[in-house]
Amino acid sequence: MGTETATTDEVTAEQTSPRYGPWLGAVIAGLAGGVAMGILLLILSPDALTIVIPALYGLSGGIAGWFIHLSNSAIFGVIFAAMISLTSLHKYAESERASIGLGAIYGVVLWVLTGSIILPLWLQVVGVPAAPAVPTFALPSLVWHLAYGVVLGAVYPYVRTI
């Protein structure tokens with residue numbers, strides 16, 4: 001029986017290659033963006049975390065709001081990574097400045113799609129009495145989503161190869 005030993009190059013490649021690729025990094029970057037956005041929400045619109053976000057799932061309370069918000073933040077971080085990793089945008093992932101720009105654009109897209117259309121529509125569907133009109137292009141919501149995108153984009157280049 002022969003034994004196989006790894007060459008130095010194979011061992012080095014194994015040690016330096018990303019274990020989880022961009023996906024775990026995307027979750028971490030998404031959570032970082034979510035925390036930044038959540039802090040702004042707490043300061044500027046605490047009802048968004050304690051009433052509005054939990055109401056999407058028939059829940060109430062700040063813990064439920066934070067859990068849902070951070071879960072969504074992680075999911076949107078993975079979607080960001082997929083868009084970066086699986087398209088020609090991957091060449092910008094290593095540059096912090098370019099990644100922040102992509103994150104800011106992504107934040108605006110999320111504001112339009114989720115914050116201005118899906119969220120108010122969903123609130124209407126689940127019967128929340130004070131649900132806003134669709135679409136609702138609220139400027140504070142743009143600021144929150146931009147904060148999410150900018151922090152996501154700033155963190156992602158550093159954690160994408162965890």
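Residues numbered from 1 in each chain as written. Predicted model: local features only at pLDDT ≥ 70, side-chain atom pairs only at ≥ 80, totals over all residues. Heavy atoms only, no water.

Asker: Describe the nonpolar core, listing the residues and the values that go with them.
Answerer: Within the largest apolar cluster, 20 residues are counted, with the highest numbers of intra-cluster contacts made by Leu 41, Phe 80, Ile 84, Tyr 106, Tyr 148, Leu 152 and Tyr 156. In this view, Leu 41 contacts Pro 46, Ala 48, Leu 49, Ile 53, His 69 and Trp 144; residues no more than four positions away in its chain are not counted. (Core = buried A, V, L, I, M, F, W, Y, C linked by side-chain atoms within 4.5 Å. Buried < 20%, exposed > 50% of the residue type's maximum accessible area, 1.4 Å probe, protein only. Contact = heavy atoms within 4.5 Å.)

Asker: Explain the side chain of His 69 to me, using residue names and the numbers behind them.
Answerer: Looking at the element boundaries, His 69 is found in helix H4 (residues 62-85). At a separation of 2.8 Å, a polar atom in the side chain of His 69 contacts the main-chain carbonyl oxygen of Gly 34. Every residue in contact with His 69, bar those within four places of it in the chain, is listed here: Gly 34, Met 37, Gly 38, Leu 41, Leu 49 and Ile 53. (Helix = DSSP H or I, 4+ residues; strand = E, 2+ residues; numbered from the N terminus. Polar contact = N/O pair within 3.5 Å; in protein donor to acceptor, adjacent residues only side chain to side chain.)

Asker: Tell me about the layout of surface pockets, and please be specific about residues and values.
Answerer: Rolled over the atoms, a probe as big as a water molecule pinpoints where empty space is left. Of the voids in this model, the largest pocket is the one considered here, and its volume is about 710 Å³. Looking at the largest pocket, it is lined by 31 residues, and the ones nearest its centre are Ile 53, Thr 114, Gly 115, Leu 119 and His 145. Mapped onto the lining of the largest pocket, the elements with two or more residues apiece are helix H2 (21-44), helix H3 (46-55), H4, helix H5 (96-125) and helix H6 (139-159). With seven residues, H5 is the single largest residue contributor to the lining of the largest pocket. Residue composition of the lining of the largest pocket, grouped by class: 23 nonpolar, eight polar and no charged. (1 Å grid on protein atoms, 1.4 Å probe; cavity = no way out; pocket = protein on both sides within 12 Å on 5 of 7 lines; lining within 4 Å. Points joined across faces, edges and corners; volume = space filled by probe spheres on them. Nonpolar A, V, L, I, M, F, W, Y, C, P; charged D, E, K, R; others polar.)

Asker: Go over unusual backbone geometry, please, and point to the residues and values.
Answerer: Omega for the peptide link from Val 134 to Pro 135 comes to -10°, which places this bond in the cis form. Structurally, Pro 135 is set in the loop between H5 and H6.

Asker: Break down a nonpolar patch on the surface for me, citing the residues and quoting the values.
Answerer: Where nonpolar side chains cluster on the molecular surface, the patch consists of Tyr 57, Leu 59, Ile 105, Val 109, Leu 113, Ile 117, Ile 118, Leu 121, Trp 122, Val 125, Val 126 and Val 134 and spans about 1,000 Å² of accessible area. Tracing the backbone through its elements, the reader meets Val 125 in helix H5. (Patch = residues over 30% accessible without salt bridge, like charges linked within 9 Å, V, L, I, M, F, W, Y side chains within 5 Å. Areas by Shrake-Rupley, 256 points an atom, 1.4 Å probe, with all protein chains shown as cover. Salt bridge = Lys/Arg side-chain N within 4 Å of Asp/Glu carboxyl O.)

Asker: Lay out the packing of H3 against H4 in plain terms, naming residues and giving numbers.
Answerer: As a packed pair, H3 and H4 sit with axes 7 Å apart at the nearest point and diverge in direction by 65°. Seen from above, H3 lies across H4 with left-handed handedness. Seen from H3, the contacting residues are Leu 49, Thr 50, Ile 53 and Pro 54; seen from H4, they are Gly 62, Ala 64, Gly 65, Trp 66, Ile 68 and His 69. (Axes fitted to C-alpha atoms, helices over the stretch in contact; angles between N-to-C directions. Left-handed = near helix turned anticlockwise from the far one by under 90°.)

Asker: For H5, give the residues involved together with the corresponding values.
Answerer: Of all the bends in H5, the greatest reaches close to 35° and is centred on Ile 118; the proline Pro 120 follows between one and four positions later. Those residues of H5 not exposed but buried are Ser 99, Leu 102, Gly 103, Tyr 106, Gly 107, Leu 110, Trp 111, Thr 114, Gly 115, Ser 116, Pro 120 and Leu 123. Here the buried face of H5 lies against H3, H4 and H6. Two residues or fewer past H5, Gly 127 is found with a positive phi of approximately 85°. (Bend = angle between axes of the 7 residues up to and from the residue.)

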